[in-house]
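As a plain string of letters, each chain reads:
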Protein chains: 2
Amino acid sequence: MPTTTSQFLNGVPELLVLRLLRDKEMYGYELVEAIRAASNDNLSFAEGVIYPVLHSLERDGALSTRRQTVNGRSRVYYSVTPTGKDRFNDLLAHWQHLQSTIATIVKAPHHA
Amino acid sequence: MPTTTSQFLNGVPELLVLRLLRDKEMYGYELVEAIRAASNDNLSFAEGVIYPVLHSLERDGALSTRRQTVNGRSRVYYSVTPTGKDRFNDLLAHWQHLQSTIATIVKAPHHA
DNA sequence: TCTATTACCTATTAACTCTAGGTATAATGC
DNA sequence: GCATTATACCTAGAGTTAATAGGTAATAGA
């Protein structure tokens, strides 16, 4: 039974990639910097993390690509498809649900 | 370079185990049910997840054990050591930091 | 007596992340 | 002119964790 993300955890790189690309299309290298910047250096995923995420999201139809050469360097711009928007909404809901469940447990005064 | 938890993610089972055991000692089977109950059935980690977590926490000195036979069935009660309390505080701080970073990014109006 | 529940456990598989590379062009410093 | 850094892409392999799928044994209940 292959689950898209592990039942509860992980999927944070994917969530952030979809979130940032929802604002505007970006190429991989740009995204890596954008995540670092958006998180005030709290989070930093290396290229070796981001590129595979981009490829698998594209394979799943969540992202579409456009190739462009700028200053002699080839860039691959990614943008979010309708499928990708759905995927993001699902991931976000999932994350928020998990987060609030954990917060509740952690803050509970005492567990019988 | 072996990291205790992956740099950012995971560690949720461990966090919950330490949190619940901080309230009172429990045995493994009981913990599995307690997590499910505390989360209102939103989270459920199978025994195959919880037992290995307990064993590795014990190996690390975060939990101590006490064996007792009740109704002919042998139980292993776990309780949190001072090391375990530190570990929990670290994990919690880590989790909350991650969570708030992600929340900020997700809610941001627009990313340049 | 047969099944479900309690209570423990491990091994294998799967998933994801992280590190560590590797290629190539352009820009910068010396 | 040459070396280094920055830009921009990529993949393979390792490491960690979680999920599944078993397996043992005793008790309780139907």
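Our structure's up above, just so we're on the same page.
Now for a look at the structure at hand. Predicted model, so just to flag it, every value in this text is computed and none were measured. (Residues numbered from 1 in each chain as written. Chains lettered and ligands numbered in written order. Predicted model: local features only at pLDDT ≥ 70, side-chain atom pairs only at ≥ 80, totals over all residues. Heavy atoms only, no water.)

### Focus on unusual backbone geometry
Residues and elements named next belong to chain A.
Here is step 1: Of note in the backbone geometry, Asn40 takes a positive phi value of approximately 55 degrees without being a glycine.
Here is step 2: Tracing the backbone shows Asn40 in the loop between α2 (28–38) and α3 (47–59).
Here is step 3: A residue is classified by how much of its surface remains accessible, and Asn40, at 63% relative accessible area, is exposed.
Here is step 4: Backbone geometry places Asn71, a non-glycine residue, at a positive phi of 55 degrees.
Here is step 5: Mapping Asn71 onto the fold places it in the loop between β2 (63–70) and β3 (73–80). (Helix = DSSP H or I, 4+ residues; strand = E, 2+ residues; numbered from the N terminus. Buried < 20%, exposed > 50% of the residue type's maximum accessible area, 1.4 Å probe, protein only.)

### Things to note about the nonpolar core
Here is step 1: In terms of nonpolar packing, the biggest core is built from 62 residues, with Val17, Leu21 and Leu31 of chain A together with Val17, Leu21 and Leu31 of chain B touching the most fellow members.
Here is step 2: When near neighbours in sequence (up to four residues on either side) are disregarded, Val17 of chain A contacts Leu31, Ile35, Ile50, Val53, Leu54 and Leu57 of chain A. (Core = buried A, V, L, I, M, F, W, Y, C linked by side-chain atoms within 4.5 Å. Contact = heavy atoms within 4.5 Å.)

### Observations concerning the sheet that holds strand β2 (residues 63–70) of chain B
All names here are of chain B.
Here is step 1: One open sheet accounts for three strands, arranged β1-β3-β2; its pairing is antiparallel. Two strands bound the open sheet, and with one partner strand each, they are β1 (26–27) and β2.
Here is step 2: Across the sheet, helix α3 (residues 47–59) touches β2 and β3 (73–80), and the angle it forms with β2 is around 125 degrees. (Pairing = 2+ DSSP bridges. Axes fitted to C-alpha atoms, helices over the stretch in contact; angles between N-to-C directions.)

### Here's the deal with the relation of the copies chain A and chain B
Here is step 1: Placing chain A over chain B gives an RMSD of 0.1 Å and needs a rotation angle of 180 degrees, together with 0.0 Å of translation along the axis. Put plainly, the chains are arranged around a two-fold axis. Distance from the rotation axis, computed per C-alpha, reaches its smallest value in chain A at Asn10 of chain A: 3.2 Å. (Least-squares fit on C-alpha atoms with pLDDT ≥ 70 in both.)

### Here's the deal with α3 of chain A
Note: α-helices contain 3.6 residues per turn, so residues at a spacing of three or four share the same orientation.
Residue and element names in this part refer to chain A.
Here is step 1: Counted at 1.5 Å a residue, the expected span for α3 with its 13 residues is 18 Å, and the 18 Å between its end C-alpha atoms agrees.
Here is step 2: By the burial criterion, the buried members of α3 are Ile50, Val53, Leu54 and Leu57. For α3, the buried positions fall inside an angular range of 100 degrees around the axis, keeping them on one side. Residues Gly48 and Arg59 are exposed on α3 and point more than 90 degrees away from its buried face. (Expected span 1.5 Å × (residues − 1). Arc of directions from axis to C-beta.)

### A few points about the interface of chain A and chain B
Here is step 1: Counting residues at the interface gives 31 residues for chain A and 31 residues for chain B.
Here is step 2: Both faces combined, the contact of chain A with chain B buries some 3100 Å², and carbon together with sulfur accounts for 72% of it.
Here is step 3: Applying the counting criterion to the chain A and chain B interface returns zero salt bridges.
Here is step 4: Applying the counting criterion to the chain A and chain B interface returns eight residue pairs in polar contact (both at pLDDT 80 or more).
Here is step 5: Mapped onto the side of chain A that touches chain B, the elements with two or more residues apiece are α1 (12–23) and α4 (82–107) of chain A.
Here is step 6: Of the residues forming the side of chain A that touches chain B, the biggest block, nine residues, is contributed by α4 of chain A. (Buried area = accessible area lost by both parts, 1.4 Å probe. Salt bridge = Lys/Arg side-chain N within 4 Å of Asp/Glu carboxyl O. Polar contact = N/O pair within 3.5 Å; in protein donor to acceptor, adjacent residues only side chain to side chain.)

### Quick look at the packing of α2 of chain A against α3 of chain A
Residues and elements named next belong to chain A.
Here is step 1: At a minimum axis distance of 10 Å, the contact between α2 and α3 shows a crossing angle of 120 degrees. Put simply, α2 runs oblique to α3. Between α2 and α3 lies a crossing of right-handed hand. Note on element contacts: α3 touches α2 through Glu47, Ile50, Tyr51 and Leu54, opposite Gly28, Tyr29, Leu31, Val32 and Ile35.
Here is step 2: Residues of the contact of α2 with α3, tallied by class, amount to seven nonpolar, one polar and one charged. (Parallel < 35°, antiparallel > 145°, perpendicular 65-115°, else oblique. Left-handed = near helix turned anticlockwise from the far one by under 90°. Nonpolar A, V, L, I, M, F, W, Y, C, P; charged D, E, K, R; others polar.)

### Focus on the environment of Gly28 of chain B
All names here are of chain B.
Here is step 1: Position of Gly28 relative to the elements: it lies in helix α2 (residues 28–38).
Here is step 2: By relative accessible area, Gly28 is classed as buried at 4%.
Here is step 3: Separated by 36 residues in sequence, Gly28 and Ser64 have C-alpha atoms that sit 13 Å apart.

### Side note on the sheet that holds strand β1 (residues 26–27) of chain A
Residues and elements named next belong to chain A.
Here is step 1: As summarised here, the arrangement of the three strands in space is β1-β3-β2, forming an open sheet in which the pairing is antiparallel. Either end of the sheet is taken by a strand with one partner, and the two such strands are β1 and β2.
Here is step 2: Judged from the eight bridges that link them, β2 and β3 form a sheet pairing that is antiparallel. The residue bridging Leu63 from the neighbouring strand is Val80, located in β3.
Here is step 3: Against the sheet, α3 makes contact with β2 and β3, and its axis sits at roughly 125 degrees relative to β2, the strand it touches most.

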